[in-house]
Amino acid sequence: MAGPLSAGRGGAGLEARLVVSRADGFELDLALGIAAGRTVALLGPNGAGKSTAVAALAGLLPLAAGRIALAGRVLDDPAGGLFLPPDERRIGVMFQDYALFPHLTVLSNVAFGLRSRGVPRRQARARAASWLRRLGLEELASRKPGALSGGEAQRVALARALAPDPDLLLLDEPLAALDVTTRARLRRGLADHLRAFAGPRLLITHDPTEAFLLADEIHVLEGGRVVQVGTADDIRLTPRTAYVADLAGSNLLVGTASEGVLATGAWQLRIADAGIAGAVLAAIHPRAISIHRGRPEGSPRNSWRTAVTLIEDLGERVRLNVGDPLPLTVEVTPEAVAALELEPGSAVWVAIKATEIRVEAA
């Protein structure tokens with residue numbers, strides 16, 4: 001890259017509250033604040049409202065209530081009767097399928113956003129060529145999208161989003177169109193480009209790996225509402241819903257605590273915090289649970305007999321599900337699976353130290 005990427009208006013941030021009511025009855029109510037130079041990930045399952053948020057920010061869907069302010073300009077304010085169309089919002093959007101025009105060359109694709117904003121053809125092509133040089137794409141200028149690799153197409157799409165000098169970079173599932181191997185390889189390059197852009201960045205994704213590795217802060221969206229905000233470590237260590245716990249790999253338990261005992265359903269667990277009482281959320285990381293063929297000995301801890309219900313090979317780790325009386329997800333090494341001769345249906349004992357159960361008031 002020849003030089004740093006830049007934000008269009010000195011890097012002012014985004015302040016928004018998006019309230020949208022769709023015809024199908026779905027309602028989105030989302031508050032977002034992104035400072036210049038920060039990447040926020042909007043993470044959620046299909047149907048959570050991520051696409052609705054993209055449409056509202058980009059100006060494709062007007063707000064029912066709320067307000068969008070970006071780089072000191074108000075883009076949408078229903079109460080004040082203000083609504084700016086997409087071409088006046090100065091938002092660079094990188095779509096999940098990249099949406100490159102197949103009949104245009106790489107240079108013309110990158111110049112398209114500038115031309116649509118009224119930039120003269122020669123000037124638009126010169127600026128597009130500059131962005132291709134910055135992203136190491138100058139040798140591809142005359143190619144059509146069909147002749148590009150996945151990584152090249154990604155960088156062209158990023159150049160097209162950045163060329164109009166936007167105030168916000170909006171990435172809508174930027175790696176979803178790639179296969180698993182290519183996605184992992186290109187994630188690092190995308191992270192470098194994001195860090196070099198001086199303005200606010202919003203990453204839309206359903207992939208927790210992308211969110212954890214690319215974002216400074218994560219907003220988890222479920223059913224049109226934010227259910228948790230925090231860093232990757234916050235999300236991993238203290239998941240607040242079953243969906244978040246599944247993303248983070250933790251086991252999330254809801255129960256009642258009293259005098260160092262957590263009651264969850266019909267089961268009880270000893271916990272380290274004897275002072276917490278009442279309704280609680282407890283998280284147990286799968287790697288904090290040990291598996292044994294016989295009853296474990298040693299220091300007092302939670303242990304009980306159960307059975308393996310599922311074995312999933314993740315490469316360096318193996319994920320197990322165990323059943324009643326307390327269904328949990330456990331992660332062990334492939335060597336442990338082999339040594340214990342585990343298979344679905346195997347009778348086992350699980351053990352969890354009280355100090356490995358993170359508990360907080362619900």
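Below: a short report on this structure. (Residues numbered from 1 in each chain as written. Predicted model: local features only at pLDDT ≥ 70, side-chain atom pairs only at ≥ 80, totals over all residues. Heavy atoms only, no water.)

1. Looking at unusual backbone geometry
Cis geometry marks the peptide bond from Asp324 to Pro325; its omega dihedral reads 15°. Inspection of the secondary structure puts Pro325 in the loop between strand E18 (318-322) and strand E19 (328-332). The phi dihedral of Ala71 falls on the positive side, at around 55°, and the residue is not glycine. Tracing the chain through its elements places Ala71 in the loop between strand E4 (65-70) and strand E5 (73-77). (Helix = DSSP H or I, 4+ residues; strand = E, 2+ residues; numbered from the N terminus.)

2. Points about the sheet that holds strand E17 (residues 302-313)
Pairing between the strands of a sheet comes from backbone hydrogen bonds, and it takes one of two forms, parallel or antiparallel. Pairing within the open sheet is antiparallel, and its five strands lie in the order E16-E20-E17-E18-E19. Either end of the sheet is taken by a strand with one partner, and the two such strands are strand E16 (289-292) and E19. The average angle at which neighbouring strand axes cross in this sheet is 45°, direction not considered. The pairing of E17 with strand E20 (residues 347-352) spans six bridges and is classified as antiparallel. The partner of Arg305 across the bridge, within E20, is Trp349. (Pairing = 2+ DSSP bridges. Axes fitted to C-alpha atoms, helices over the stretch in contact; angles between N-to-C directions.)

3. Concerning the packing of aromatic side chains
Scanning the model with the defined rule gives two aromatic pairs in all. An angle of 65° between the planes, with centres 5.4 Å apart, marks the rings of Trp267 and Trp304 as edge-to-face. You can see Trp267 sitting in strand E14 (residues 267-270) and its partner Trp304 sitting in strand E17, a full 37 residues away along the chain. Over the ring of Phe83 we find Arg89, and its NZ or CZ is 4.9 Å from the ring centre. In this arrangement the basic side chain of Arg134 is found over the ring face of Trp131, its NZ or CZ atom lying 4.3 Å from the centre. (Phe/Tyr/Trp six-rings, centres within 6.5 Å; stacked < 30°, edge-to-face > 60°. Lys NZ or Arg CZ within 6 Å of the ring centre and 35° of its normal.)

4. Re the pairing of E14
Of the pairings in the sheet, the one linking strand E13 (residues 261-264) to E14 comprises four bridges and is antiparallel in character. Directly across from Leu262, in E14, lies its bridge partner Leu269. Between E13 and E14, which follow one another and run antiparallel, lie two residues, and Gly265 among them has a positive phi close to 65°.

Geometry only, nothing functional implied.
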